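# An overview of the molecular structure
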Amino acid sequence: MAFDVDGVLTDGGLRYGPAGEVIKTFDSLDGHGLKLLAEAGIVTAIITGRQSDIVAKRAADLRVAHVYQGVQDKRAAFEDLCAKVSVTADVCGHIGDDWPDLPVLMRVGFAACPANAHAEVKARCHWIAGTRGGEGAVRELCDFILRAQGRYDALLAEALA
């Protein structure tokens, strides 16, 4: 499962600090959802057009296996990812919110987006979150995937033990 960052893992806002650094806000529930996917054996990836040290740090914290930053051609990055993990596009998913994500969304077997995605993205997705990017859309997606694969209840039981 591949994830865009701005507008998906964050609310899409770009806040600048006093030294000109970009500050991003990530949702902790979304982060735990990514950890649960990894626990369930689902390979995770980030494919984003921006380059940011904070994204690298967040990805490491969440055990995201593959990170592509500063990507101008998301399709090429996605194809590289598929080759690295020896899978075909039809068994992969991607969540994105805007036009740069369309080349990947149109190739994967499962295309998803947050509730506030651009209309052209929504029109091409199999699944649309009920929540906005950076506000729980990723966790909603992770829970959906885990339930669809019959893994949700076992992970919840572990958490309750």
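Residues numbered from 1 in each chain as written. Predicted model: local features only at pLDDT ≥ 70, side-chain atom pairs only at ≥ 80, totals over all residues. Heavy atoms only, no water.

To continue, consider the overall build of the chain. When its secondary structure is counted, the chain shows seven helices and eight strands. Seen along its three principal axes, the alpha-carbon backbone of the chain occupies a region of about 45 × 35 × 30 Å. Burial statistics for the chain: of 161 residues in total, 47% are counted as buried. Within the chain, contacts between residues separated by at least 24 positions form 46% of all contacts whose residues are at least 6 apart in sequence. Separation of charge centres in the chain, based on 17 positive and 22 negative side chains, amounts to 1 Å. (Helix = DSSP H or I, 4+ residues; strand = E, 2+ residues; numbered from the N terminus. Buried < 20%, exposed > 50% of the residue type's maximum accessible area, 1.4 Å probe, protein only. Contact = heavy atoms within 4.5 Å. Lys, Arg positive; Asp, Glu negative; His and termini not counted. Charge placed at Lys NZ, Arg CZ, Asp CG, Glu CD.)

Before going further, it helps to spend a moment on the environment of Leu 105. Mapped onto the elements, Leu 105 comes out in helix α4 (residues 102-105). For the pair Leu 105 and Cys 92, spaced 13 residues apart in sequence, the C-alpha separation works out to 9.8 Å. Residues within four places of Leu 105 in sequence aside, it is in contact with His 94, Gly 96, Ala 111, Ala 112, Val 121 and Cys 125.

As summarised here, the arrangement of the six strands in space is β5-β4-β1-β6-β7-β8, forming an open sheet in which the pairing is parallel. Because the sheet does not close on itself, it has two edges, and the strands there are β5 (66-68) and β8 (127-128). With two bridges joining them, strand β7 (residues 110-113) and β8 adopt parallel strand pairing. Bridge assignment links Ala 112 to a residue of β8, and that residue is Trp 127. (Pairing = 2+ DSSP bridges.)

Okay, helix α2 (residues 53-61) next. For α2, the side-chain oxygen to backbone nitrogen distance between the N-cap and Ile 54 is 3.2 Å, and the N-cap itself is Ser 52. Looking at the residues trailing α2, positive phi occurs at Arg 63, about 60°. (Polar contact = N/O pair within 3.5 Å; in protein donor to acceptor, adjacent residues only side chain to side chain.)

Further remarks concern helix α1 (residues 28-39). With twelve residues, α1 extends 17 Å between its outermost C-alpha atoms, agreeing within 8% with the 16 Å of an ideal straight helix rising 1.5 Å per residue. Those residues of α1 that sit buried are Asp 30, Gly 31, Gly 33, Leu 34, Leu 36 and Leu 37. Those residues of α1 that are buried lie in contact with β1 (2-3), α2, α6 (137-148) and α7 (152-160). Where α1 begins, one side-chain oxygen reaches toward the backbone nitrogen of Leu 29, 2.8 Å away; that side chain belongs to Asp 27. Gly 41 sits one or two positions beyond α1 and adopts a positive phi of about 85°. (Expected span 1.5 Å × (residues − 1).)

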